[in-house]
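# Working through the structure, step by step
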Amino acid sequence: MVSLRPETVTKPVAAPRRPAGTVYRGHEGMWSWVLHRITGVAIFFFLLVHVLDTALVRISPQTYNGVIETYKNPIMGLGELALVAAIVFHAFNGLRIILIDFWSVGTKHQRAMFWIVIALWVVLMAGFAPRQLMVIMTEVQ
Amino acid sequence: MATTIEAPRTARPRRNVEKWGWIYMRASGVVLVVLIFGHLFINLVAGEGVKQVDFAFIAGKWANPFWMVWDGLMLWLALIHGGNGMRTITNDYVTNPTANRLLKGAILVAVVLLIILGTLVITTFDPCPPNAAPGTLDVSLCRALGR
Ligand code: HEM
Ligand code: HEM
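Cut-offs used in this document
- Residues numbered from 1 in each chain as written.
- Chains lettered and ligands numbered in written order.
- Predicted model: local features only at pLDDT ≥ 70, side-chain atom pairs only at ≥ 80, totals over all residues.
- Heavy atoms only, no water.
- UniProt positions renumbered as here; feature names shortened; annotations may be inferred.
- Helix = DSSP H or I, 4+ residues; strand = E, 2+ residues; numbered from the N terminus.
- Rg over C-alpha atoms; globule rule 2.2 N^0.38 Å.
- Buried < 20%, exposed > 50% of the residue type's maximum accessible area, 1.4 Å probe, protein only.
- Contact = heavy atoms within 4.5 Å.
- Areas by Shrake-Rupley, 256 points an atom, 1.4 Å probe, with all protein chains shown as cover.
- Lys, Arg positive; Asp, Glu negative; His and termini not counted.
- Charge placed at Lys NZ, Arg CZ, Asp CG, Glu CD.
- Donors = N, O, S within 2.8 Å, 3.2 Å for Na, K, Ca; no water.
- Tetrahedral: all angles 85-135°; square planar, octahedral: opposite > 155°, others 65-115°.
- Buried area = accessible area lost by both parts, 1.4 Å probe.
- Salt bridge = Lys/Arg side-chain N within 4 Å of Asp/Glu carboxyl O.
- Polar contact = N/O pair within 3.5 Å; in protein donor to acceptor, adjacent residues only side chain to side chain.
- Core = buried A, V, L, I, M, F, W, Y, C linked by side-chain atoms within 4.5 Å.
- Expected span 1.5 Å × (residues − 1).
- Near = heavy atom within 4 Å.
- Nonpolar A, V, L, I, M, F, W, Y, C, P; charged D, E, K, R; others polar.

Per an unreviewed UniProt entry, chain B goes by Succinate dehydrogenase / fumarate reductase membrane anchor subunit and derives from Amnibacterium kyonggiense. UniProt lists a comment for chain B under the heading Subcellular location (unreviewed entry), and it reads "Membrane".

In the nomenclature of an unreviewed UniProt entry, chain A is known as Succinate dehydrogenase subunit C of Amnibacterium kyonggiense.

Okay, structure coming up:
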């Protein structure tokens with residue numbers, strides 16, 4: 001007779017560390033999508049403000065210069081750095097999305113392309129960040 | 001035995017708005033990479049970086065129709081691209097029909113108003129306005145324009 005030991009039957013199954021039943025959740029595909037969405041929204045709100053502040057040139061040169069002057073401080077300098085970081089990711093990942101959609105083997109290489117996006121992002125930011133930090137430092141003086 | 005499959009009932013031919021939105025996101029994206037990277041390079045990296053930005057700097061750029069077209073294209077493409085993306089996101093998260101319609105209405109109004117405003121700013125820009133405070137203008141540009 002087979003004896004079913006109750007403790008082995010009722011023992012709760014440990015939840016998988018990663019959500020099961022999908023190859024998407026928790027992987028590159030999901031994170032690239034999350035980042036693409038967040039950066040897209042951030043850039044949109046930046047652009048709303050950006051068109052409004054640029055429109056100040058139609059009021060008077062001193063009105064525009066006055067507002068832009070308040071932007072020229074380290075906090076805004078770091079904000080610009082963050083904006084560029086967001087736009088560079090969104091742009092490269094957007095090109096990745098386009099390649100996934102139109103390139104015949106794009107879906108096969110989507111994961112590799114995600115890491116290429118990250119690598120390009122690192123290279124561009126490694127070039128831009130020191131430049132921007134230098135500009136910020138000379139502003140402080 | 002041959003199985004006959006009923007021909008699919010094709011609906012009345014309809015313009016597929018969502019498909020064109022999908023294509024637009026991709027086409028505008030490709031152009032925007034060039035426009036925005038160029039914009040950021042000229043305004044943020046070249047010369048003295050952001051520090052150089054002021055009224056005279058813009059006057060210098062918009063004295064050239066090339067940059068007027070550049071900025072105008074960027075304005076239209078980016079706002080429609082961003083607005084359409086925000087519409088997708090609203091449809092994903094806002095399930096209440098009234099809130100959904102209100103939010104998308106607000107996005108549409110913002111995009112239309114800013115496109116009109118931004119276009120007017122570029123096309124009616126005066127590099128040497130009479131109300132300018134001393135020291136704010138690009139003097140050599142205004143001289144060259146006979147102002
Ligand atoms: C911190 C980074 C940025 C700086 C310092 C900056 C600066 C400027 C300046 C000085 C102008 C006036 C015209 C010109 O120089 O061409 C301008 C206009 C414009 N910028 Fe930017 N910009 C930045 C980022 C962006 C981004 C990321 C976008 C796109 C999403 C953008 C879109 C535009 C548009 C559409 C105009 C034309 C506005 C109008 O029609 O009135 N800018 N920007
Ligand atoms: C720099 C060049 C850009 C490229 C290559 C690009 C590319 C893309 C692509 C391919 C999509 C996906 C559309 C889809 O899944 O159907 C997208 C979505 C989006 N983009 Fe861009 N884009 C760019 C610039 C911008 C700018 C300037 C803004 C803001 C004004 C923006 C805001 C958005 C938003 C809000 C979405 C929706 C995100 C989502 O549905 O998850 N993008 N972009």
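A few words now on the overall build of chain B. On a plain count of helices and strands, chain B comes out with five helices and zero strands. Along chain B, helices (α) and strands (β) appear in the sequence α-α-α-α-α when read from the amino end. For 147 residues, the compact-globule estimate of 2.2 N^0.38 gives 15 Å, and the C-alpha radius of gyration of chain B, at 23 Å, exceeds that figure by more than 25%. On the principal axes, the C-alpha backbone points of chain B span a range of 90 × 35 × 25 Å. Considering chain B as a whole, with its 147 residues, one finds that 39% of them fall into the buried category. Once local pairs closer than 6 in sequence are excluded, the contacts in chain B between residues at least 24 apart make up 63%. When the accessible surface of chain B is totalled, it reaches about 9,400 Å², and 68% of it is carbon and sulfur. Side-chain charges of chain B comprise 13 positive and 8 negative groups, with the mean position of each set lying 12 Å from the other.

Taken together, the protein donors to the iron atom of ligand 1 comprise His50 of chain A (NE2) and His39 of chain B (NE2), at separations of 1.9 to 2.0 Å. Its six donor atoms give the iron atom of ligand 1 angles of 84 to 179° at the centre, a pattern that matches the octahedral case. Placement of His50 of chain A in helix α2 (residues 28–55) and of His39 of chain B in helix α1 (residues 17–45) is noted, with the two residues assigned to different chains. The exposure class of His39 of chain B is buried, given its relative accessible area of 15%.

A few words now on the interface of chain A and chain B. The interface is formed by 41 residues belonging to chain A together with 47 residues belonging to chain B. It is Arg37, Phe44 and Arg58 of chain A that lose the most area in chain A upon contact with chain B, and together they represent 17% of the buried surface on that side. The interface formed by chain A and chain B contains two salt bridges. Arg37 of chain A is the salt-bridge partner of Asp92 of chain B, the closest N and O atoms lying 2.6 Å from each other. At the junction of chain A with chain B, the criterion picks out 13 residue pairs in polar contact (both at pLDDT 80 or more).

On to the nonpolar core. Nonpolar side chains in soluble globular proteins generally cluster together in the buried interior. Judged by nonpolar contacts, the single largest core of 50 residues is most densely connected at Val57, Tyr64 and Val84 of chain A together with Ile58, Trp62, Leu79 and Phe125 of chain B. If you list the elements that add at least two residues to this core, you get α2, α3 (61–71), α4 (74–102) and α5 (110–140) of chain A together with α1, α2 (55–62), α3 (65–93) and α4 (97–123) of chain B. With eight residues, the top contributor of residues to this core is α3 of chain B.

With that settled, consider α4 of chain B. Counted at 1.5 Å a residue, the expected span for α4 of chain B with its 27 residues is 39 Å, and the 39 Å between its end C-alpha atoms agrees. Within the sequence span of α4 of chain B, burial applies to Asn100, Ile107, Val111, Leu114, Ile115, Gly118, Val121 and Ile122 of chain B. Buried-residue contacts for α4 of chain B involve α2 of chain A together with α2 and α3 of chain B.

Residue and element names in this part refer to chain B. One pass over the structure, following the stated rule, counts four salt bridges over all chains. Residues Arg87 and Glu18 are paired through a salt bridge, measuring 3.0 Å at the closest nitrogen-oxygen approach. Taken together, the residues span a long stretch of sequence, with Arg87 in helix α3 and Glu18 in helix α1 at a distance of 69 residues. Of the residues examined, Arg87 reaches a relative accessible area of 23% and is grouped as partly exposed.

Attention shifts here to the UniProt feature "transmembrane region" (unreviewed entry) in chain A. Per the UniProt record, "transmembrane region" (unreviewed entry) is found at residues 34–57, 78–100 and 112–129 of chain A. Helix makes up 100% of residues 78–100 of chain A and strand makes up 0%, while its end C-alpha atoms are separated by 33 Å.

The next point concerns the side chain of Thr90 of chain B. All names here are of chain B. Looking at the secondary structure, you find Thr90 in helix α3. For Thr90, a relative accessible area of 8% puts it in the buried group. A distance of 2.6 Å separates the side chain of Thr90 from the backbone oxygen of Met86, its partner in a polar contact. If near-sequence neighbours (up to four positions away) are discounted, Thr90 is found in contact with Asn100, Leu103, Lys104 and Ile107.

Before going further, it helps to examine the site of ligand 1. Around ligand 1 there are 25 residues in total, and His50 of chain A together with His39, Lys61, Asp71 and Gly118 of chain B lie nearest to it. Residues close to ligand 1 are split across chains A and B. Within the contact set of ligand 1, a nitrogen atom lies 2.6 Å away from a side-chain nitrogen or oxygen of His50 of chain A. His39 of chain B is positioned with one of its side-chain polar atoms (N or O) 2.8 Å from a nitrogen atom of ligand 1. Contributions of two or more residues to the shell around ligand 1 are made by α2 and α4 of chain A together with α1, α2, α3 and α4 of chain B. Of the residues contributing to the shell around ligand 1, the split by class is 17 nonpolar, five polar and three charged.

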